[in-house]
Amino acid sequence: MLQAIVFDFDGTILDTETPDFQTWQEIYRDYGAELPIDVWLQCVGGGTDVFRPDDYLEGLLGRAIDRQRLRTERRKLFLERVHVQPIMPGVLELIAAAERRGVRLAVASSSDRKWVERHLRRLGLWERFAAVVTSDDVERVKPDPALYRLAAQKLDVLPQRAVAIEDSYNGMLGAQRAGLWCVSVPNWVTRDSDFSTADLCLDSIASMAPDELIACFDSSKSERSAA
């Protein structure tokens, strides 16, 4: 029986991924350079230790840049775009369906707590989650399984009785390594990632009726084994 749904935040509840990539793309083009999507995908869903956009830009240019000015300008543009993004389609309906069924809800994000909490409160979603775990709570973020293991622990459910909703390859790996089922819902940035091992892949959360989505895992005969 399915007992919990754990949502990723960036790109899953709120599409912060598209403006993040697009604003960096624009910065690169201002310098006459290009930021390939396959390079960018290294950091989507995980931390910033794997790929640093300003390091990569300096490598392409072969010279130093004013990193502080670049980051300040880029951040301002990024935040302006994020604040006009709506909640991703299907999220509210899936939350409501879970609540009707008594399925517990959590968020597991590789972003920091300040970022996640601020937006969940702004969107009116904070109180609907029994647990919110972020990069502040673990040593390693996705694709490490720590975030998802902690989310299941805080919800007091077995990982095998929970399903993750993820937009990224790193997030999918983290969820599955923790023993959760995973529904992958790629966005514009992550649509070319390899989600072939996802338990279910949807174009949008809204593309499947929420009760039907829950039933897919509620009636599963087998349980995923944690790595």
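Data block above holds the structure.
Description of the structure in this document. (Residues numbered from 1 in each chain as written. Predicted model: local features only at pLDDT ≥ 70, side-chain atom pairs only at ≥ 80, totals over all residues. Heavy atoms only, no water.)

### Side note on the packing of helix α1 (residues 17–30) against helix α3 (residues 53–61)
Cut-off, in case you're wondering: Fitted lines through C-alpha atoms give the axes, limited to the stretch in contact for helices. The angle between two N-to-C directions lies from 0 to 180 degrees. We count a stretch as a helix when DSSP gives it H or I for four or more residues in a row; a strand needs E for two or more, and each element gets its number in order from the N terminus. When describing relative orientation, an angle under 35 degrees is termed roughly parallel and one over 145 degrees roughly antiparallel, while 65 to 115 degrees is termed roughly perpendicular and anything else oblique. Should the near helix be turned counterclockwise from the far one by less than a right angle, the crossing is left-handed, whereas a clockwise turn marks it as right-handed. Residue contacts follow a heavy-atom distance rule, with two residues in contact if any of their heavy atoms lie within 4.5 Å. Nonpolar residues are Ala, Val, Leu, Ile, Met, Phe, Trp, Tyr, Cys and Pro. Charged residues are Asp, Glu, Lys and Arg, and all others, Gly as well, are polar.
For the pair α1 and α3, interaxial distance at closest approach is 11 Å and the crossing angle is 25 degrees. Of the possible angle classes, the one that applies to α1 and α3 is roughly parallel. Between α1 and α3 lies a crossing whose hand is right-handed. From α1, W24, I27 and Y28 reach across to α3, where they touch P53, D54, Y56, L57 and L60. Within the contact of α1 with α3, the residues separate by chemical class into seven nonpolar, no polar and one charged.

### Quick notes on α1
Selection rule: Helix span is expected to be 1.5 Å times the residue number reduced by one. We call a residue buried when its accessible area falls under 20% of the maximum for its residue type, exposed when it is over 50%, and partly exposed in between, using a 1.4 Å probe and counting protein chains only.
For α1, which comprises 14 residues, the first-to-last C-alpha distance of 20 Å matches the rise-based estimate of 20 Å (1.5 Å per residue) to within 8%. Taken together, the buried positions of α1 are occupied by E17, T18, P19, D20, F21, T23, W24, Q25, I27 and Y28. Lining the buried residues of α1 we find α2 (37–40), α3 and α4 (67–82). Phi turns positive, to about 75 degrees, at G32, one or two residues after α1.

### Points about the side chain of D15
Note the cut-off: Within this scheme the basic residues Lys and Arg register as positive and the acidic residues Asp and Glu register as negative, but His and the chain ends are omitted. Here a salt bridge means any side-chain nitrogen of Lys or Arg lying within 4 Å of a carboxyl oxygen belonging to Asp or Glu. Polar contact criterion, stated in full: a pair of N or O atoms within 3.5 Å, where within protein one must be able to donate a hydrogen and the other to accept it, and residues adjacent in sequence count only if both atoms are side-chain atoms.
In this fold, D15 is placed in the loop between β1 (4–7) and α1. For the buried D15, no salt bridge is present, and the opposite-charge side chain at shortest range is R191, 9.2 Å distant. Polar contacts involving the side chain of D15 include one to the side chain of T18, which spans 2.8 Å. Ignoring sequence-local partners within four residues, the contact set of D15 consists of Q85, M88 and N187.

### Thoughts on the side chain of T18
Tracing the backbone through its elements, the reader meets T18 in helix α1. When neighbours within four sequence positions are excluded, T18 is seen to be in contact with W188 and V189.

### Examining the sheet that holds strand β5 (residues 181–184)
Just so we agree on the cut-off: If DSSP finds at least two bridges between two strands, the strands pair.
Here we have six strands laid out as an open sheet, ordered β3-β2-β1-β4-β5-β6, and parallel in their pairing. Two strands in the sheet have a free side with no partner beyond their single neighbour: β3 (131–133) and β6 (200–201). Summarising the sheet, β1 and strand β4 (residues 162–166) pair through four bridges and their orientation is parallel. Residue V6 lies in a different strand from β4, and its bridge partner there is A164.

### Quick word on the pattern of salt bridges
For the structure shown, the criterion picks out 20 salt bridges. Note that R69 and E73 form a salt bridge whose closest N and O atoms lie 3.0 Å from each other. Placement of both R69 and E73 in helix α4 is noted, with a separation of four residues, approximately one turn of the helix. Through salt bridges that share partners, D54, D55, E58, R67 and R71 make up one connected network.

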